[in-house]
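# A closer look at the structure
What follows is each chain in one-letter form.
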Amino acid sequence: MKHYLANTDEVLAEVKSSPETGLSTEEAGARLEANGKNKLAEGKKITLLQRIISQIMDPMVLVLIAAAVVSAVTELSLHPDKLPTDVFIILAVVILNTVLGVVQESKAEKAIDALKEMAAATSKVIRDGKHIVVRSEDLTVGDIVILEAGDAVPADGRILESASMKIEEAALTGESVPADKVEHALTAAENGDVPLGDRRNMCYMGSVVVYGRGSMVVTGTGMNTEMGKIATAITEAEEGETPLQKKLSQLSKILTWLVLGICVFMFAFTLFTNRDLLAHAERSQLLKLILEDAFMPAVSLAVAAIPEGLAAVVTIVLSMGVTKMSKQNAIIRRLTAVETLGCTQIICSDKTGTLTQNKMTVVDFWSSDEKLLATGMSLCSDAEPDETGEAVGEPTECALVNYATKLGLLKDSLKADAPRIGEAPFDSGRKMMSTVHNCGGKILQYTKGAPDELLARCTRMLVNGTAVEMTDAYRAEILAKNTEFATQALRVLACAYKTHAAPPAAYTPEALENELIFVGLVGMIDPVRPEVTEAVRQCVAAGVRPVMITGDHKDTAVAIAKTLGILEDASQAITGAEIDKFSDEEFFELVTKYSVYARVQPEHKTRIVNAWRKRGMVTAMTGDGVNDAPSIKSADIGVGMGITGTDVTKNVADMILTDDNFATIVSAVAEGRRIYDNITKCIQFLLSSNLSEVISVFVATLCGFTILKAPHLLFINLVTDSIPALALGTEKAEPDIMTRKPRKSNEGIFAGGMGFNIAYQGLMISAITLFAYFVGYRFEFGHWGVGESVHGITLAFLAMSMSEIFHSYNLRSHGSIFKLKSHNMILWGSMILSLILTSALIFVPALSNLFGFSEDIGLVEYGIALALAVSTIPIVEIVKWFASLFRKQKN
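Right, let's walk through the structure included here.

Here is what the cut-offs are and how they apply
- Residues numbered from 1 in each chain as written.
- Predicted model: local features only at pLDDT ≥ 70, side-chain atom pairs only at ≥ 80, totals over all residues.
- Heavy atoms only, no water.
- Pairing = 2+ DSSP bridges.
- Helix = DSSP H or I, 4+ residues; strand = E, 2+ residues; numbered from the N terminus.
- Axes fitted to C-alpha atoms, helices over the stretch in contact; angles between N-to-C directions.
- Contact = heavy atoms within 4.5 Å.
- Buried < 20%, exposed > 50% of the residue type's maximum accessible area, 1.4 Å probe, protein only.
- Parallel < 35°, antiparallel > 145°, perpendicular 65-115°, else oblique.
- Left-handed = near helix turned anticlockwise from the far one by under 90°.
- Nonpolar A, V, L, I, M, F, W, Y, C, P; charged D, E, K, R; others polar.

## Focus on the sheet that holds strand E25 (residues 655–657)
- With mixed pairing, 8 strands are arranged side by side in an open sheet as E8-E25-E24-E23-E9-E20-E22-E21. Two strands in the sheet have a free side with no partner beyond their single neighbour: strand E8 (330–332) and strand E21 (573–575). Between one strand axis and the next, the sheet turns through 20° on average, direction left out of account.
- Of the strand pairs in this sheet, strand E23 (residues 619–623) and strand E24 (residues 637–641) are connected by 4 bridges, and their pairing is parallel. In the sheet register, Gly 623 faces E24, and the bridge partner there is Gly 640.
- Contacting strand E9 (346–350), strand E20 (545–549), strand E22 (596–598) and E23, helix H23 (residues 602–614) runs over the sheet at an angle of about 170° to E23.

Structure representation (C-alpha cells):
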C-alpha cells in the first residue's frame, strides 16, 4: 500500500492499529520478534584477526619482532646446539602485548557500547491505551508515535495528527526548508505516485520535527524505511583519537626512529672500537664480534627505549574514567571530551532545570479575574494530569495546569467544555503559544507567553469583567507588576484571550496573535538546586567562569545569579535585544563583561560561544531545545540534557547529563582533570623508567659490559612498569585539583616541568642501577671493577625493577606524597605483586636459569638492592621540595 495515497482509517486498518489504544504490549513484542529491531544495518565490526594485525603493525612492536628475528639468527649462528631463549622471551612478550591490546580494545568497545545503550534514543508511544516511552529500536509497524518539536523521527510513518507540525527532511530530500505536514490523503500525479519530497502526510526516519506537534502510525522500520533503502549500511563516525593519544602516537613514531638511530650508532661504535680485531679475526670470532658483541647490545637498547605498555595504559585509564563518569550522571559520547573537560574555562549554562530544580509552582498572580486567568493558562498548555491528578509534561505548563486544578478547574473538565480545534504552538522566536477552542459554538482563543512580547499584541485589557482599551497607563502598570515579580526571582507569564465569529481560516501566529485582550500575569518560582551554589563556588576557585543563559526576564535572572554567586552587580547582565545592537567585533570586546544573558534566543547562544572561543577560551555550552543544536555543536564541549533534552541536541552533544544538573558539569570537569592528571603521571612514570633503561644500557655498552639483556628489559617494561602504571590511573584526585587554573588546551606532553622530571628521574634510576651492577661485580669477584658479571646483571635487574616499583609511589602526587590523606590500595597491591614476580625471577631456579641470572644472590645483596630502590622516595621528595620553593619565589 502507498500509505500517503490512503486516508488514515485505511492505513490504520492495514497495520491493524488504533490511534486511541495503539498496539498491545503482546502484539508489539510479537511483531518486533518477527520483523526485527528498528535500526539500520550496521557496518562490519572489526574482526579478531584485524585487531591482532593492527596490534602487530604498531611501529614499536615491529621493532621488537625484528629484534627477535635477528636475535634468533645470531643465537643459532653462534650456538647452534642451544635454544635461543632470549628470542622466545621477546616473542612471548610480543604475544602477551598483542593479547592485552586486543582484550583492552574489546573492553573499550564494550564500554562505549554500554554508554550508547544508556544514551539510546527513545520515543513516546501509545500502547495498551497508555502513553509510554520506549527505546526507538523497539518500535514496530502499527505503533502510534507522539511527535514534538525537537524529536528525531524514529521510523517511517503516516501522519495521523498535525498541529502546525514542520519537519526538516534534508537528510532524505536535500531540501533545507522544513516541510509543513498534513493529515489528509494526497492525490497521485499522472504517473500514479507522489515524489518523496512532496509526501506531506508522511514522516521518515532521519528527519527532525522542528516546529509544532503531531502523531503518526509506524509503517516501516529498520531497513524497510526510506533511509534503509538508500543506505545498505550506515555507521556512525568513527571515534577519533584524543589529542593526547595523537601526541602519543607521534611520540611513538619519534621514539621508533630514535631507537633505530641509537641502535645503528651503537652497532657502528662497537665495530669501530674493535676495528683492529675485525681486521685479523677468524670467521667464528668475526661472527661473535658482529652479532653478539655489537648487535645484541643494540637490540637491548631498542627494547629499553620502547615503552611497550604506554598506549595500552593511556587507553585503559581513559576508558575507566569514562565509565566512572557515566555512573556520576555524565555520559561521555566522545573520548576527546574527557581531555577538553580538564581545560574548560567557561561554562555557559541554561538556568531552568540546570541551575534550578525545574519544579515550577505558581505562587502569585495579578488579574481582576483569577478564574479566567487560570482557565486560559490551563487550556493553553499541553501538560496533562496523570491518574493522581498531578500534571505531567513541560514543567512550566505543569505548574499552570496544577494551579488551575487547585482552584477547582480540572483540565479534563475544561477540555470537555472547550475542546481544542486549532493552535499555533510555542516557539522560542515569538515566545508565546495560542490555542483555539469551541465553547459550545463560541470560538475562543487563549494566548500565553512572555509578558513583554504578549503585551505588544494586546489592544484591550480585562478590567473587572469588561474589556477596555489598552492605555499607556495600563501598560506601565502591567510592566511594573512584571518587574516586581521578576525582582522576587519569579518566572512571569502573561495570558490574553480573543473571540472569533467562526473558526479561523488559518492557525498561524500571524493570523491569531493580534488584537488580544490582556487577562493577567502569573508568577512562578523554580527553586535553585541546593548543590549548585557550592558547584559555582568550586568553579570560581578552579578558574572556571560560570555564565547563566536564560529566556527569563533580566531581573529574575539577576536575582538568581546573585543568589548563586554568578554575578555581583546587575551591570554584569545583558539581554538578547541588547546583544543584537552589537556587531560581532564589538561583542568580542564586551563578552568578558557579562556573566548573565537574559531573554536570549538560540542564535544568541551561538554568538556567545563564538565570542568566547575567539578569545581563546575553552567553552562548554548546555542546551536542550532543537534550536540549541548549533550552539552546542560550536562549543568545545557541547552538553546535552538527558531529561529535558531533545534527540537533536543529544546527538550533537559531547556529553549528556542524565540529571540535567549544573553540579554534574562541575563534577565532570573535576573528573576530567583527575583523568588527565593520572594519565600524565602514567606517562611520566613509564618514560622516566624507559629513559633509565636507555641510559644504563648505553653507558654499560660504552664501558664494554652488558648490564641488562633484552628479556630482562621486556620483563621490567611489561610487569614492573605497566602494572603499577595502571594502578596510578586509579589514583584519587589531588586535593588542589579544583584550585588550579585550567590547563591550556594546546599544552604539550612535557609541559609543566614534566620533561625535567622525566630527565632527572631517569638519571636517578640509571645511577642506582649502575651502582648495583658494580656492587654485584664486587660480590662476584671480591673487588671493584668494570667487566662482565652475571652477579652484577642480577643485582642491576633487582635494583632497577624495585626502583621503578617504589618510584611509582612517588608519582601519586605532584607534591609531597606524605601530605596525601588517602591511600591507593590498588597501587599498593600492584607494587606487592610486581615485587613478588621480580623476586620469583631471582629465587625460583627454573626462572632464574631461563633469564640467565645468578643463583647465588643472598639476602644481603637483596637487601642492598631494596635499600637502593627505596632511596628513590626521599630523593624525589627533596627535588619536589626545592621545586615548590622555586614556584613560590616565581609567584
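## Quick word on the side chain of Thr 396
- By the secondary structure assignment, Thr 396 is in helix H14 (residues 395–406).
- Classification of Thr 396 by relative accessible area gives buried; the value is 5%.
- Residue contacts for Thr 396: discarding those within four places in its chain leaves Met 360, Arg 491, Leu 493 and Met 524.

## Regarding the packing of helix H28 (residues 754–781) against helix H32 (residues 859–870)
- Running from amino to carboxyl end, H28 crosses H32 at an angle of 165°, the nearest separation of the two axes being 10 Å. It follows that H28 is roughly antiparallel to H32 by the angle criterion. For the pair H28 and H32, the sense of crossing is right-handed. On the side of H28, the interface is formed by Ile 768, Phe 771, Ala 772, Val 775 and Phe 779, while H32 contributes Val 860, Glu 861, Ile 864 and Leu 868.
- Here the residues of the contact of H28 with H32 are counted per class, giving 8 nonpolar, no polar and 1 charged.

## Side note on unusual backbone geometry
- Even without a glycine there, the phi angle at Lys 431 is positive, about 60°.
- Along the chain, Lys 431 turns up in the loop between strand E13 (420–427) and strand E14 (432–439).
- Here Asp 660, not a glycine, exhibits a phi torsion of approximately 55°, which is positive.
- Here Asp 660 shows up in the loop between E25 and helix H26 (662–703).
- A relative accessible area of 3% means that Asp 660 is categorised as buried.

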